[in-house]
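Letter by letter, the chains look like this.
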Amino acid sequence: MNKAAILVIDDEVQIRRLLEITLESNHFNVESAETAKEGLRIAASHPPDLIILDLGLPDENGHNLLKKLREWYTNPVLILSVQNDEDDIVKALDNGANDYLVKPFRTGELLARIRSALRSTAPEDNNPVIDCKDLQIDLATRTVKKNNELVKLTATEYKLLSLFTRQEGKVLTHQYLLREVWGPGYINQSQYLRVFIAQLRKKIEKDPNRPAYIITESGVGYRFIAKE
Amino acid sequence: MYSIPLGMLRQLSKISKANQFLAGIGLILVVSGICYFFSDYLGYKVVAFILLLTVSLIAIVFDILPVLAASLLSALAWNFFFIPPKFTFHIGSAEDGFLFLMYFIIAFINAVLTNRIRKIEQQVVEKEEKARTVKLYNTLLNSLSHELKTPIATIVGATDNLITAQSNLSDDNRKELAENISVAALRLNQQVENLLSMSRLESGFIQPKKDWYDISELIYAVINRLEQQLKNHKTIIHIEENLPLYRLDYGLMEQVLYNLLYNASIYTPDYADISISAKNHAERIYNLDTATREHSEIKNEYSYLSLVIEDRGPGFPPGELEKVFDKFYRLDHSSTGGTGLGLSIVKGFVESHNGTVLLENVPHGSRFTIMIPAETSYINNLKNE
């Protein structure tokens, strides 16, 4: 398999080196840029498979750069943020970022995010059955099995679950989920989301209080994790 | 000692300039009016003393200009209404003229001096506050230099070993050093988070971002985050059945529970239990039209989220229960690390929700009770579809 190319845009030399070493030792090709301008130039001349973008750059606001990139760049963009500011993260996700990491992050987390983001751009394998641990979701027949037993889901619960499984590993914001499942009029009705997430967890999780599939991203949204 | 009257005075002196003028002038007019009413019994010289007293009282509270205006008015009022012949500014005898002049000067000196004393008093208070801040900073620097430098020392030492003494290290040792670095870095991160929370609180910019949340999800999220610290304890979780959703700030409340449970895990001996319970508290206010509750109309209903955390730690000295929430408070004999910021952050975040936190000693431990007034939604108990 071809090595995926990753562009790191971060002004901190230590973080850049850390990312370069981590990614290269995990079989990625890494290029890095120190400023927004340089990042934009490299991205335009050799479009990478994925961009890791720090939101706090010296020469330009990361949100601006993200918007500029998104005018033509369609591959995943991963945001690095230094503070756990949910509004900032949600804004970046709305502006087209695929996922985010808050510094300090663990290497395992970084690699999982990158793999999941790259998977989403890989051509569809046309397999409507998603197999994860004790859970099987068949998008063609709209059936969900847990430990080979059929799980009865309501229409809304199924809609939510299928949305999650189709974007496995990616963080989905509250607004996005509410808009997709209930419609644009409901984007502020987060209480519906809480209720249905709790119900869905009761049906598919082994221990609903220690969810392994539907992970809460505090203040941002939820993430569906199926693969190790 | 004088903190209460001083506080009241400070409240009064916050009144705007225009209102101070009006209040001063109004008071002089009212006092003159009363004196005039009793002028049959009071000699005009006694009235002069009463008016001087009034000016002094005004000077204690108000700024210099309104006070001067009030003293000028009092002199004129005294002259016009009380010095014979009445209802003219004309002064009959030379003695009265001299008295009026003296009154004028005394009223002004009185106003200026009282005002100056007040300013000096203010400076003393400011100085005391400054001294307290300096003391606070010293405590901060002491606990910070310990809390931050310990993990930094670990990291520096471990990396030095890894860089220079590589050949002499066994694989196990190398792994242990790397793990030490990781633990130290996470501890450092936690301390920085605490300091950031504290400075957010200090700046007064904490605005809870409220949204609907499932309390059981909140509690389990914190318990799961503290899995490592709680693994040797028995954690008892009791969440009231059919607890509604609440509108609150998830991040802030998560930090509140994290700090309390983290403390509980440090101070509770292994294998003892730590309990956390969540309940809804409804307070109903009735329109008391009829005698029985069933027939009266509910006027208003307030809901409180009540969170109780009990540990089996040593408890707190009874005299210090209040001080526990102060910044940088640490029990004298406590050996475990901590900057003493945890509980003051708890208090600050709870208060940003207009809530209260109460600490009591209970047999074999201590109990924190948090009450948060919040909107509720029972939508989670409805049957869907």
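Keep in mind that this is a model prediction, so the values were computed, not measured. (Residues numbered from 1 in each chain as written. Chains lettered and ligands numbered in written order. Predicted model: local features only at pLDDT ≥ 70, side-chain atom pairs only at ≥ 80, totals over all residues.)

Thoughts on the packing of helix α9 (residues 250–267) of chain B against helix α10 (residues 342–352) of chain B
Residues and elements named next belong to chain B. For the pair α9 and α10, the least separation of the axes is 9 Å and the interaxial angle reads 150°. Here α10 runs roughly antiparallel to α9, going by the angle between their axes. For α9 against α10, the interelement crossing comes out left-handed. Residues L252, Q255, V256, N259, L260 and N263 of α9 touch α10, and the partners they reach there are G342, L343, I345, V346, F349, V350 and S352. The residue inventory of the contact of α9 with α10, partitioned by class, reads eight nonpolar, five polar and no charged. (Axes fitted to C-alpha atoms, helices over the stretch in contact; angles between N-to-C directions. Helix = DSSP H or I, 4+ residues; strand = E, 2+ residues; numbered from the N terminus. Parallel < 35°, antiparallel > 145°, perpendicular 65-115°, else oblique. Left-handed = near helix turned anticlockwise from the far one by under 90°. Contact = placed C-beta atoms within 7 Å. Nonpolar A, V, L, I, M, F, W, Y, C, P; charged D, E, K, R; others polar.)

Structural notes on the sheet that holds strand β11 (residues 214–217) of chain A
Whether parallel or antiparallel, the strands of a sheet pair through hydrogen bonds between backbone atoms. Residues and elements named next belong to chain A. Judged by pairing direction, the sheet is antiparallel, and its three strands sit side by side in the order β10-β12-β11 without closing on themselves. The open sheet has two free edges, formed respectively by β10 (171–173) and β11, since each of these has just one partner strand. Across this sheet, the average inter-strand angle for adjacent strands is 30°, counted without regard to direction. Of the strand pairs in this sheet, β11 and strand β12 (residues 221–224) are connected by four bridges, and their pairing is antiparallel. Residue pairing in the sheet places E217 in a bridge with G221 of β12. Relative to β10, helix α7 (residues 174–181) is tilted by about 70°, and along the sheet it contacts β10 and β12. (Pairing = 2+ DSSP bridges.)

As for the interface of chain B and chain A
How big an interface is tends to be stated in terms of the accessible area lost upon association of its parts. Each partner contributes to the interface: chain B provides 20 residues, whereas chain A provides 14 residues. The set of elements that each furnish at least two residues to the side of chain B that touches chain A consists of α6 (171–202), β1 (211–213), α7 (215–225) and α9 of chain B. It is α7 of chain B that provides the largest number of residues to the side of chain B that touches chain A, a total of five residues. A per-class count over the side of chain B that touches chain A returns eight nonpolar, seven polar and five charged.

Observations concerning the nonpolar core
Taken as a class, soluble globular proteins show a tendency for nonpolar side chains to be buried jointly. Counting 38 residues, the largest nonpolar core has Y213, L218, V256, L257, L260, L261 and V346 of chain B as the members making the most contacts within it. Every element with two or more residues in this core is listed here: β1, α7, β3 (245–248), α9, β4 (273–287), β5 (297–311), α10 and β7 (365–373) of chain B. Setting aside anything within four residues of it in sequence, one finds L218 of chain B in contact with Y213, Y250, M253, E254 and L257 of chain B. Membership of the second largest hydrophobic core comes to 33 residues, among which are L19, I52, I89 and I114 of chain A. (Core = buried A, V, L, I, M, F, W, Y, C linked by C-beta atoms within 7 Å. Buried ≥ 20, exposed ≤ 12 C-beta atoms within 10 Å, placed from the backbone.)

Some details on unusual backbone geometry
Following K103 of chain A, the chain continues into P104 of chain A via a peptide bond in cis, with omega recorded as 0°. Position of P104 of chain A relative to the elements: it lies in the loop between β5 (99–102) and α5 (107–121). The residue R142 of chain A is not glycine, and still its phi comes out positive at about 55°. Mapped onto the fold, R142 of chain A is located in the loop between β7 (135–138) and β8 (143–146). Backbone geometry places N354 of chain B, a non-glycine residue, at a positive phi of 60°. Tracing the sequence through the fold places N354 of chain B in the loop between α10 and β6 (356–362).

Considerations on the environment of L40 of chain A
Residues and elements named next belong to chain A. By the secondary structure assignment, L40 is in helix α2 (residues 36–45). Along the chain, L40 and A92 lie 52 residues apart, while their C-alpha atoms are 17 Å from each other. Excluding its chain neighbours within four sequence positions, the residues that come into contact with L40 are L65 and K68.

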